[in-house]
Amino acid sequence: MIPANLERAVYGMYATHALHVADRHGVFEHLTRHSGDSAEKIAAALAVDEDTLERLLLVLASFGVLDAEGGRYGLAAGVRPYVDREDPRFLMGFVDHLLGDTAEQFGRLNGYLRAGKAETDRDAPAPFESLYRDEESVGRFLDAMWGLSHHVSHELAALADLGESRRLIDVGGASGPFSVAALRAFPELRSTVFDLPQVGPHLTARAAEHGLGDRLDFAAGDFFRDPLPAGDCFAFGYILSDWDDETCAALLRKAYEACLPGGRVLIMERLFDDDRGGPLATAVMNLSMHVETQGRHRTAAEYLELLRGAGFTDGTVRRSTGDKHLVIGRRPTESGSGR
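Residues numbered from 1 in each chain as written. Predicted model: local features only at pLDDT ≥ 70, side-chain atom pairs only at ≥ 80, totals over all residues. Heavy atoms only, no water.

Thoughts on the packing of helix 10 (residues 135-160) against helix 11 (residues 177-185)
Note the threshold: An axis is simply a line fitted to the C-alpha atoms; with a helix, the fit covers only the stretch in contact. Between two such axes, the angle follows the N-to-C directions and lies from 0 to 180 degrees. Comment: elements are numbered from the N terminus, with helices defined as DSSP H or I runs of at least four residues and strands as E runs of at least two. Reported orientations rely on four angle classes, namely roughly parallel under 35 degrees, roughly antiparallel over 145, roughly perpendicular from 65 to 115, and oblique for the rest. In a left-handed crossing the near helix is turned counterclockwise from the far helix by less than a right angle, and in a right-handed crossing that turn is clockwise. Contacts were defined at the residue level, with two residues in contact if any of their heavy atoms lie within 4.5 Å. Three classes are used: nonpolar for Ala, Val, Leu, Ile, Met, Phe, Trp, Tyr, Cys and Pro, charged for Asp, Glu, Lys and Arg, and polar for all others, with Gly counted as polar.
Contact geometry for helix 10 and helix 11: axes closest at 8 Å, N-to-C directions at 30°. When the interaxial angle is binned, helix 10 and helix 11 end up roughly parallel. Crossing of helix 10 against helix 11: the hand is right-handed. Between helix 10 and helix 11, the residues in contact are Met 145, Trp 146, Ser 149, His 150, Ser 153, His 154, Leu 156 and Ala 157 and Pro 177, Phe 178, Val 180, Ala 181 and Ala 182, respectively. Per-class residue counts for the contact of helix 10 with helix 11 are nine nonpolar, four polar and no charged.

Laid out in structure tokens, this is it:
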């Protein structure tokens, strides 16, 4: 027998595709309302082919996503929030991004192993030229980032304790998952998302959806070429993992220069364990960063060192109950900076 962990690794691609197809055809939406239906009843309700549907259901049941008993299917314990479109933890947007954008790039790993990433990608477009190549791709990527970030952002905003902050600059903040959570939790706060122009309409739509009015605004720019707006708190959520250490150091230095004395910077990222032995999701996404971007995932100690190098002090790490954690640095007051 193939060891169970190897078997799941070999057949994992089938599970990912089954998740994607089941979501697109309303299977999970149906099961959140009609748990315990047979394949026949589900197929009739969704107007899909019963034979194909049952094969999908059997795969998802074998992977533990569904419960199957006596030919009847329901969502396994704990799964519903991540497949229910009405839940902020909905994960299928990320699955859509994985299959629509990430998977096709993994073929480059062969070249990376033979000749290295720099040589293999020498004539390739820059990472975000590909991700933002058209409106469909932009929307898919922003939906994926929202799905990965918004729910845990409520916890991260609480951990950041933004009660004394007045102007948050959300660097590369996409459609605002962290800004929205922070503004809902701290009524005196205002936030500016600083991102590429293509993001603007999506941010405006989120601000309207959550009734934030002028408390959430957008500044179009390129953080490599343009100065950052001034503020007393700077957020980098899933941004520094896109870039190498030298680029991260430059971005943090930009934040330091734009940050008011006594203000803070928030790094929100997946974190490797100190020995880099896990977690699984961080190790997987570390490989994804290699093919999709120019970055990597890091340990908490590595981020603290980057903060110190940029001039921030009082580095602290606050871990959430999810995959995304918080590393904080403070810009000293001028009298205490020693600079």
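With respect to the pairing of strand 6 (residues 216-220)
Our working definition: At least two DSSP bridges between two strands are needed for those strands to be called paired.
Pairing of strand 5 (residues 190-195) with strand 6 involves five bridges; the strand directions are parallel. Bridge pairing links Val 193 to Phe 218 in strand 6.

Quick word on the sheet that holds strand 1 (residues 37-38)
Strand order in the open sheet made by the three strands is 1-3-2, with antiparallel pairing throughout. For this open sheet the edge positions go to strand 1 and strand 2 (66-69), each flanked by a neighbour on one side alone. Bridge analysis of strand 2 against strand 3 (residues 72-75) gives four bridges, and the strand direction is antiparallel. Note on strand 3: the bridge partner recorded for Glu 69 is Arg 72.

A short note on the packing of aromatic side chains
Given two aromatic rings, their pairing is described by the distance between the two centres and the angle made by the two planes. Our working rule: Aromatic rings from Phe, Tyr and Trp, with only the six-membered ring used for Trp, were paired whenever their centres fell within 6.5 Å, and each pair was classed as stacked if the ring planes differed by under 30 degrees, edge-to-face if by over 60, and tilted otherwise. For the exposure calls, accessible area comes from a 1.4 Å probe over protein chains only, and a residue counts as buried if that area is under 20% of its type's maximum, exposed if over 50%, partly exposed in between. Two conditions define a charge sitting above a ring: the NZ of Lys or the CZ of Arg must be within 6 Å of the ring centre, and it must be within 35 degrees of the ring normal.
Applying the stated rule across the entire model yields four aromatic pairs. An angle of 85° between the planes, with centres 5.0 Å apart, marks the rings of Phe 223 and Phe 224 as edge-to-face. Of the residues examined, Phe 223 reaches a relative accessible area of 13% and is grouped as buried. Residue Phe 224 is classed as partly exposed on the basis of its relative accessible area, which comes to 43%. Each ring, one from Tyr 256 and one from Phe 312, has its centre 5.3 Å from the other, and the planes form 80°; the classification is edge-to-face. Of this pair, Tyr 256 sits in helix 13 (residues 245-258) while Phe 312 sits in the loop between helix 15 (300-310) and strand 11 (313-318), and the two are 56 residues apart along the sequence. Joined through ring pairs, the aromatic side chains of Phe 223, Phe 224 and Trp 243 make up one cluster. Taking NZ or CZ as reference, Arg 206 lies 3.8 Å from the ring centre of Trp 146, over its face. Taking the ring centre of Phe 272 as reference, the NZ or CZ of Arg 276 above it sits at 4.4 Å.

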